[in-house]
Structure formats: C-alpha cells, structure tokens
Amino acid sequence: VFNLARENNLKMTVVSKWYSGQTILVTGATGFMGKVLLEKLLRTCPDIQHIYIIVRPKRGLAPSIRVEEMVKLPLFETLMKNNPDVLKKIIAIEGDITKPDLGLSKEQKKQLISEVTIVFHMAASLRLEAGMKAAIINNTLSTKFVLDFCLEMKELKVFIHLSTAFCHCDHDVMEEKVYPPPHNPHDIIHAMEWMDDETIEMITPRLLGPHPNCYTYSKRLAEYLVYEYKDKLPVCITRPSIVIIYYSDFLCTSWVDTLNGPIGLLVGGGKGVIRSMMCSPNSVAQVIPADAAVNSLITIAWICGNNKSENIPVYNVTSGDVKRVTWHEVLDLGRKSVYKTPFEYTIWYPDGDIRTNWLIHYICVILFHYLPAYLIDFLLFLARQKRFMVRVQNRISIGLEVLQYFTMRDWNFNNKNLLSIKTILSEEDRETFFIDNIDYDIERYIADSILGARTYCVKEPLSSLPRCRRNIFILYCLHLLTKFLFYGFLVWLVVQNLDSARFFLDYSANLLQKIPIVGCFIPVTISNS
C-alpha cells in the first residue's frame, strides 16, 4: 500500500529534477537491466528530453518494432496506463556497437553528438561459455567504440560503464578502485583481429589465467579502457553482482524475463531436471534486486554529473552486508516455494541438492541427470518422436560448470562508496531511489522469483496451478516409492551376500595378522572365527 501511494503521488525529487531536460543514450537497452532502467527513468523522471537506444534488427524486426513490442511487457504496464505519452521519448536507432561510430549514419551520429548529455553503456554479451574472440569483440572492443564515439559529445555530463563484480577474481577482497589488467587491452583487441580461430583457442587458457571464463576477462579489459579515458571523458565504473527480479516496486514485483543465474537454476531444479550442483552452502549468494541495482545507476549518474573528480569513481553495486543470504537458504526457500507453486511438465519430484564433493556430484549427475535423459530419449525414439533430453542435459552441464566457479567460493566486495550514496540523497530520493533502506523478506522474495519465472519466462498460466499441485503430489509418492525400492534392493543384496561378506572379512583378517606390526592390532578371535 505504501509503495502504491508513493508511485501514484510521485513528486519531483532533487534527482528527478536534475534529469529534467537531459538527453540520454543507453546501450543494451533491450536487455533485462536496460529495460528496468528505461522504465524507472521514465516513471520517476518524466521530464527527460529523450532516451536514445541503439538497437540491432533481430528476427526480421526493425528496431522501432522491437521497441513497440518491448513496451507491451508487464514492466511498462503502469506507464502505459498512467502516462503513455512518456514512452514516446524512447527513440530507437539502428546501429551496432561492435562497429566504428556504432554503425550509425552521419545524420544519426551528428544528432546524438549534439544532443546526448548522459550515457549508460550497459551492452554486453552475457554468455559465460562464449569463446575469447566473441567476448573481446562484444565486451571490450565495443566499449572502445562507444568511448571513442562519446569523445565528440560536447555536452556530456557523465558516462556510466556497467561492468561486473566478478571480473577481478584474483583478489580476495575487491575494493572500489581500478585494478591493472593482466594484458594490454589494445594488444588483445589487435590479436583477435589477425589471429585465426584455432590459434585463439590454443592461447585462451594462458590469457585467462585465474579468470574462469572469457566473459569476466573481457569485462576486466574493458574496465581499463574506460580508465584510460578518465582525462578525456567524465567516466564512472559500476560493478553489479548477480542482478535478479524486482524486490520492492509494487508494479514490477515478480517480473523477470531472463533465466540467467539463480533464476535458471530455480526453474531447472523446480522442473526436476537439475538434481545436483556443486555449491558451497555457507557462501553468501551475491545477488542484488534489479530495482536496487538500477536505482544505484541513476543516483550514481546524478552524483558524478554534479561532482568532477580527478580519480575515476568506482562503485561495487553489491548487497554486501545489507542482507547476507547463503546459497543453502536460497535452496531451502526455493524448494519450499516450488512445492507451493510447482511448474508444468515436471519430470521428477524437485528434491535436488547442492554438494561440495566432486565425486559424489558426478555420481549423482550420471544417475539423476543422464540416465533419466537417455531413458526418456529412448522412449521417445520408440514412439518415433523427436529426442531432446540428452541435448538439454548437455547444455545444463555446460551451464553448471560455468556457474559452479561462482557458487563454490566466497566473494568479498567493499561497497562503501555505494552505501555512502544514502547520506547524500534527500529523504524523498531515498524513498524513490532506494538502495539499501528496504526491509528484505527473503522468503517472499524467493517465492516471487519462482512465480515470476513461471509466469514470464516459461509462460505457464496461474490457472494450471491446481493441476500442477496434484502432479507434484503424485511425483512425491513415486519419489518415496522409488527410494523404498532402491534401499530395499540394497538390503536384499546385503542379506543375499552375507555369507560371502563374512568369508571376505575373515580372509582379510588372516592376511593382515601375518603382516609385521599390523598383525598385533588384529584380534586373535577374528582370525580364528
């Protein structure tokens, strides 16, 4: 109720007034965080002049059509209802940030250079399994092209670069500062231009060093490129951790359109597809709600736009000590929520677990991931249907191997700069652009995550919940029956082979008694029994 009243009676705060009349350029606007940023800016800062977004054609759809489809999402429902004209301020421009001048025409370039005052560079390839060349082009080279493009902007107040909190994995504690790169980013970009794919693949392990994948490596190089422009542009680096669904904004609670990170794991586990994962149960889940992350970006731009600094500002946009939730808690609450709001087409009772022993994990993967997948595909083959489960499990295995690096260790991020923002904001701005001044209800938050993934990602209607709950009860009974039969079979094996086991133990005891020193510890009664 408080949130509803706050949004319906929104007043122009200090931050909102600063954005009045500003023209903003956003890259990566069609991604999850990009959409959230657009909605929040238009809702809380309606006097913005324009928001230009660079969009590539996709599936035959022109950028303007893609934007029209985007604003129909539930995320923009309140704006469509209360202030639909403000959505006209979003102007899509066809371009490609992996090309010089962002692939824009001379007229488009001239227009942006003369009008833009704020830049949010959020575009990146989030494919953790991507190869080195693709990662460097999409994350490092593209950043250089955007920076070069902004050099000609005479009215630019601030350039916000969106990095990642996981790009400096060789540091036990990541401070809010720029770290030197492992290699010169310009040399790496040049090498990707002339090396063939086979050579790049061969040198990739040596380039990565401590980095688990090419994504974090390319983002680290991109950070240093931004640092090199600190004397030419008003740049700032922000490093969000894992961004997931809205927490507090009433109109967006449970909305999500990506299965990356924990959301995908919850869906896979909820459908009974993921039964085992390597994860440190007591490690803190470094996640942050999308609304808190975007509020941070908006207020950071305001701060940096008003205060020029010789040192490049860096903000670790992480949960820190605001609310520490372990992966074990996430799993338990996720399992509890899945039982209440189960998914359709669940292949087995969702009772998977996290493990820290690689051997046990791989045994579970073979038994509970691949054997059922091959069995299902075999049945589909007999029924002359298209087989898919083994292919799905292969993709899941690749994804889990990438994610397990982040879930098997503790991450320590210093976020003093981020938390200091609340001391600068007015009371109204702290309510509108909240960062850490909200009371987290983790159980409700996980439940909303499951519901959002069910509704918006896998497109399952709420009307199917009664049927899904009946199905989950049937699967639970089958699960108990299977466990009973399995352990009963083990007991039967032991009983049937009891005499053989006794003979083996007696034989082993006799052999051990004959070994010097060791034989002194073997009771005579055992060897003579």
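This one's a predicted model, so the numbers in the text were calculated from it and none came from an experiment. Starting afresh in each chain, residues are numbered from 1 along the sequence in its written order. Reporting in this predicted model follows two pLDDT cut-offs: at least 70 for local features of residues, and 80 or more for side-chain atom pairs to be given and counted; totals over whole chains, interfaces and linings ignore these cut-offs and use all residues. With hydrogens and water set aside, each side-chain value is computed from the structure's full complement of heavy atoms.

1. Digging into the packing of aromatic side chains
Between 30 and 60 degrees the pair is tilted, below 30 it is stacked and above 60 it is edge-to-face, where a pair is any two Phe, Tyr or Trp rings, Trp via its six-membered ring, whose centres lie within 6.5 Å. Taken as a whole, this structure holds 13 aromatic pairs when the rule is applied. Ring plane angle 75° and centroid distance 5.3 Å describe the contact between phenylalanine 166 and phenylalanine 406, whose orientation is recorded as edge-to-face. A residue pair is termed long-range when its members are at least 10 positions apart, and phenylalanine 166 in the loop between strand E5 (158-162) and strand E6 (173-174) and phenylalanine 406 in helix H15 (residues 389-407) qualify at 240 residues. When sorted by exposure, phenylalanine 166 lands in the same class as phenylalanine 406, which is buried. When the centroid spacing of 5.7 Å and the interplanar angle of 80° are considered together, the rings of phenylalanine 166 and phenylalanine 413 count as edge-to-face. In this pair, phenylalanine 166 sits in the loop between E5 and E6 while phenylalanine 413 sits in strand E13 (residues 412-413), placing the two residues 247 residues apart along the sequence. The burial state of phenylalanine 166 is the same as that of phenylalanine 413; both residues are buried. Numbering of helices and strands starts at the N terminus; helices are DSSP runs of H or I of at least 4 residues and strands are runs of E of at least 2. Burial classes: relative accessible area under 20% of the type maximum marks a residue as buried, over 50% as exposed, and values in between as partly exposed (1.4 Å probe, protein chains only).

2. Focus on the pattern of salt bridges
Any Lys or Arg side-chain nitrogen located within 4 Å of an Asp or Glu carboxyl oxygen qualifies as a salt bridge. One pass over the structure, following the stated rule, counts 19 salt bridges. When the shortest N-O distance is used, the salt bridge between aspartate 448 and arginine 444 registers 3.3 Å. Of this pair, aspartate 448 and arginine 444 both sit in helix H19 (residues 442-457), four residues apart, which is roughly one turn of that helix. Note on aspartate 448: relative accessible area 13%, which makes it buried.

3. Quick look at the side chain of glutamine 404
Mapped onto the fold, glutamine 404 is located in helix H15. Within the structure, glutamine 404 has its side chain in polar contact with the backbone nitrogen of methionine 278 (distance 3.3 Å). What makes two residues a contact is simply this: any of their non-hydrogen atoms within 4.5 Å. With sequence-adjacent residues up to four places away left out, glutamine 404 is seen in contact with Met277, Met278, Trp358 and His361. In the analysis that follows, any N or O atom pair within 3.5 Å is treated as a polar contact, provided that within protein one partner can donate a hydrogen and the other can accept it, and provided that, for residues neighboring in sequence, both atoms belong to side chains.

4. Topic: the sheet that holds strand E11 (residues 314-317)
DSSP bridges decide pairing: two strands pair if at least two such bridges lie between them. With respect to topology, seven strands assemble into an open sheet ordered E3-E2-E1-E4-E5-E7-E11, the strand pairing being parallel. In the strand order of this sheet, the two ends are held by strand E3 (90-94) and E11, each with one partner. The average undirected angle you get between the axes of adjacent strands in this sheet is 20°. Across four bridges, the pairing between strand E1 (residues 23-27) and strand E4 (residues 118-121) is parallel. Residue pairing for E4: leucine 25 is matched across the bridge by valine 119. Helix H10 (residues 214-228) rests against E5 and strand E7 (235-240) of the sheet, and its axis sits at about 165° to E5. Each axis is a line fitted through C-alpha atoms, and for a helix only the stretch in contact is used; angles between axes span 0 to 180 degrees, taken between their N-to-C directions.

5. Re unusual backbone geometry
Here leucine 102, not a glycine, exhibits a phi torsion of approximately 60°, which is positive. With respect to the element layout, leucine 102 can be found in the loop between E3 and helix H6 (106-115). You can call leucine 102 buried: its relative accessible area is 0%. Phi at tyrosine 345 is positive, roughly 55°, even though this residue is not glycine. As for its position among the elements, tyrosine 345 is in the loop between helix H13 (327-340) and strand E12 (353-355).

6. Things to note about the layout of surface pockets
Using a probe with the size of a water molecule, rolled over the atoms, empty space left in the structure can be pinpointed. Think of a 1 Å grid over just the protein atoms. A cavity is a set of points where a 1.4 Å probe fits yet cannot get out, a pocket is an open set with protein on both sides within 12 Å along at least five of seven lines, and lining residues have an atom within 4 Å of a point. Grid points are joined across faces, edges and corners, and a volume is the space filled by probe spheres set on the points. Put simply, the second largest pocket is a space of about 780 Å³. Lining of the second largest pocket is provided by 25 residues; of these, Arg275, Trp348, Phe368, His479 and Thr482 occupy positions nearest its centre. Ranked by residue count, the leading element in the lining of the second largest pocket is helix H14 (residues 358-382), at nine residues. Basically, the charged four are Asp, Glu, Lys and Arg, the nonpolar ten are Ala, Val, Leu, Ile, Met, Phe, Trp, Tyr, Cys and Pro, and anything else, Gly included, counts as polar. Considering only residue class, the lining of the second largest pocket consists of 14 nonpolar, six polar and five charged.

7. Notes on the pairing of E4
Residues Ile118 and Phe120 of E4 are buried on one face, and the alternating residues Val119 and His121, pointing to the opposite face, are buried as well. Strand direction decides the pairing type here: E4 and E5, joined by four bridges, are parallel. Pairing of valine 119 across the sheet is with phenylalanine 159, part of E5. Think of it like this: strands point away, you trace from the first strand over the helix to the second, and a clockwise trace means the crossover is right-handed. Once the chain exits E4 it traverses helix H7 (residues 132-150) before rejoining the sheet at E5, and the crossover so formed is right-handed.

8. Observations regarding the packing of H7 against helix H8 (residues 185-194)
Contact geometry of H7 with H8 gives a least axis separation of 10 Å together with a crossing angle of 130°. Between H7 and H8, the interaxial angle falls into the category oblique. As for the relative orientation of H7 and H8, their crossing is left-handed in sense. The segment H7 lies against H8, with Met132, Lys133, Ile136, Thr140, Leu141 and Lys144 engaging His186, Ile188, Ile189 and Met192. Across the contact of H7 with H8, the residue classes break down as six nonpolar, two polar and two charged. Orientation is classified from the angle alone, with under 35 degrees giving roughly parallel, over 145 giving roughly antiparallel, 65 to 115 giving roughly perpendicular, and any other angle giving oblique. Here is the rule for handedness: rotate from the far helix to the near one, and if that takes an anticlockwise turn smaller than a right angle the crossing is left-handed, while a clockwise turn gives right-handed.

9. What to know about a nonpolar patch on the surface
Residues enter patches when their relative accessible area tops 30% and they take part in no salt bridge; the joining distance is 9 Å for like charges and 5 Å for the nonpolar side chains Val, Leu, Ile, Met, Phe, Trp and Tyr. Residue-level accessible areas treat just the shown protein chains as cover; the underlying method is Shrake-Rupley with a 1.4 Å probe. Nonpolar side chains collect at one region of the surface, where Phe473, Ile474, Tyr476, Leu478, Leu480, Leu481, Phe484 and Leu485 lie side by side and expose about 810 Å² of accessible area between them. Here leucine 481 is to be found in helix H20 (residues 465-496).

10. Quick look at the packing of helix H3 (residues 32-44) against helix H12 (residues 290-306)
Contact geometry of H3 with H12 gives a least axis separation of 10 Å together with a crossing angle of 65°. With respect to H12, the axis of H3 lies roughly perpendicular. Crossing angle aside, the handedness with which H3 passes H12 is right-handed. Residue-level contacts link Phe32, Met33, Val36, Leu37, Lys40 and Leu41 of H3 to Ala290, Ala293, Val294, Asn295, Leu297 and Ile298 of H12. Per-class residue counts for the contact of H3 with H12 are ten nonpolar, one polar and one charged.

11. Overview of helix H9 (residues 197-208)
By this rule the span expected of a helix is its residue count minus one, scaled by 1.5 Å. End to end, H9 covers 16 Å across twelve residues, agreeing with the expected 16 Å (1.5 Å per residue, within 8%). Within H9, burial applies to Ile200, Thr204, Leu207 and Leu208. Down the axis, H9 shows its buried residues gathered within 85° of arc, on one side only. Across H9 from its buried face, at more than 90 degrees, point the exposed residues Glu198, Met202, Pro205 and Arg206. Those residues of H9 that are buried lie in contact with H7, H8 and H10. This arc is built from the directions going out from the helix axis to the C-beta atoms.

12. With respect to a negative patch on the surface
Counted as positive: Lys and Arg. Counted as negative: Asp and Glu. His and the chain ends are not counted at all. To locate a charge, take NZ of a lysine, CZ of an arginine, CG of an aspartate or CD of a glutamate. On the surface, Asp196, Asp197, Glu198 and Glu201 cluster together to form a negatively charged patch. Tracing the chain through its elements places glutamate 201 in helix H9. For glutamate 201, a relative accessible area of 62% corresponds to the exposed category.

13. Thoughts on the UniProt feature "transmembrane region" (unreviewed entry) in the chain
Residues annotated in UniProt with the feature "transmembrane region" (unreviewed entry) correspond here to residues 359-383 and 473-495. From the first C-alpha to the last, residues 359-383 spans 35 Å; its make-up is 96% helix and 0% strand. The distance from the first to the last C-alpha atom of residues 473-495 is 33 Å, and the span holds 100% helix and 0% strand. UniProt positions are given in the numbering used here, feature names are shortened, and annotations may be inferred rather than shown by experiment.

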